[in-house]
Amino acid sequence: MFKNVEAVLFDLDGTLIDSAPDLGSAVDKMRMDRGLPSFPLEQYRHMAGAGARGMIGIAFGVTPEHADFDAMKEEFFVNYENCMTERTRIFEGVVDMIATLVAQGLPWGVVTNKSSRFTDPLTSAMPLFSTAGAIVSGNTTPHAKPHPEPLFEAARRLSVDPARCVYVGDDERDIVAGLAAGMGTVAATYGYLGQQTDISRWNAHLHIDYPMDLLKFLNNA
């Protein structure tokens with residue numbers, strides 16, 4: 001799966017960037033606005049990849065089926081919009097990894113379930129993404145991951161056969177989508193994976209514990 005690779009695609013949160021501090025801050029403000037005590041960041045971190053569902057679930061124990069969930073979700077979104085670039089950082093090693101891909105002439109892109117409402121301003125504010133050939137958000141196509149269509153869209157934008165793409169992500173949905181798209185799949189263990197997560201059950205082609213490890217596999221192939 002890693003021979004003749006012509007493009008590399010990445011999930012965003014938990015794979016390229018650590019947005020957990022801003023996501024946690026946005027939902028924790030909701031708690032404090034209600035007179036509830038603040039939670040430490042580590043209580044939110046492992047669910048950061050699940051977006052509003054994960055954050056609101058941790059902060060309030062509320063699921064999407066709850067009558068108040070939609071209103072709480074919009075409140076969370078507004079809070080997040082107001083702080084989403086304050087504490088978010090690029091994971092160590094990612095800048096060097098992307099620079100090496102670019103130097104080797106490999107196109108790269110992003111496929112995230114994050115709405116373009118957040119993806120567009122966030123990636124525009126971070127120089128890392130200036131060389132990305134495709135940025136596909138959760139609402140770019142009619143389907144979000146684990147459906148493969150967002151990955152197909154990214155491949156189309158890069159003019160690359162999906163079978164010549166590798167997709168890297170830190171959530172099982174990423175691997176399911178990548179496999180369905182016929183791509184080489186890589187599970188990133190350095191992101192938001194909880195200690196109880198058994199990534200071997202995802203059936204990813206390989207996993208990496210550090211961003212630069214990806215280059216070793218690509219170069220060896």
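Anything mentioned here points back to the structure above.
Let me sum up the structure you'll find in this document. (Residues numbered from 1 in each chain as written. Predicted model: local features only at pLDDT ≥ 70, side-chain atom pairs only at ≥ 80, totals over all residues. Heavy atoms only, no water.)

1. Some details on the sheet that holds strand S1 (residues 7-10)
Here we have six strands laid out as an open sheet, ordered S5-S4-S1-S6-S7-S8, and parallel in their pairing. The outermost strands of the open sheet, each flanked by one partner alone, are strand S5 (134-136) and strand S8 (206-208). The mean angle between the axes of side-by-side strands here comes to 25°, regardless of whether they run parallel or antiparallel. Pairing between S1 and strand S4 (residues 108-111): three bridges, direction parallel. Directly across from phenylalanine 10, in S4, lies its bridge partner valine 110. Running over the sheet, helix H8 (residues 172-180) touches strand S6 (165-169) and strand S7 (184-188) and is turned about 170° from S7. (Pairing = 2+ DSSP bridges. Helix = DSSP H or I, 4+ residues; strand = E, 2+ residues; numbered from the N terminus. Axes fitted to C-alpha atoms, helices over the stretch in contact; angles between N-to-C directions. Contact = heavy atoms within 4.5 Å.)

2. Thoughts on the nonpolar core
Among the nonpolar cores identified, the biggest contains 51 residues, and Phe10, Phe76 and Trp108 are the most heavily contacted of them. Not counting the four nearest positions on each side in its chain, phenylalanine 76 is found in contact with Leu23, Ala26, Val27, Met30, Gly51, Ala52, Met55 and Ile56. Within the second largest apolar cluster, 15 residues are counted, among which are Val111, Leu151, Leu158 and Ala177. (Core = buried A, V, L, I, M, F, W, Y, C linked by side-chain atoms within 4.5 Å. Buried < 20%, exposed > 50% of the residue type's maximum accessible area, 1.4 Å probe, protein only.)

3. What to know about the packing of aromatic side chains
For the structure on display, the rule yields nine aromatic pairs. Between the aromatic rings of phenylalanine 10 and tryptophan 108, the centroid separation amounts to 6.1 Å while the plane-to-plane angle is 75°, which identifies the pairing as edge-to-face. Linking phenylalanine 10 in strand S1 with tryptophan 108 in strand S4, this pair joins segments that are 98 residues apart in sequence. Residue tryptophan 108 is classed as buried on the basis of its relative accessible area, which comes to 1%. Judged by centre distance (5.4 Å) and plane angle (70°), the ring pair of phenylalanine 91 and tyrosine 190 falls under edge-to-face. Within this pair, whereas phenylalanine 91 is found in the loop between strand S3 (89-90) and helix H5 (94-103), its partner tyrosine 190 is found in the loop between S7 and S8, the two being separated by 99 residues in sequence. Exposure remark for tyrosine 190: the relative accessible area of 16% places this residue in the buried category. Members of the aromatic cluster, each reached through a chain of ring pairs, are Phe76, Phe77, Tyr80 and Phe118. Seen from the ring of phenylalanine 39, arginine 31 lies directly overhead, with NZ or CZ sitting 3.7 Å from the centre. (Phe/Tyr/Trp six-rings, centres within 6.5 Å; stacked < 30°, edge-to-face > 60°. Lys NZ or Arg CZ within 6 Å of the ring centre and 35° of its normal.)

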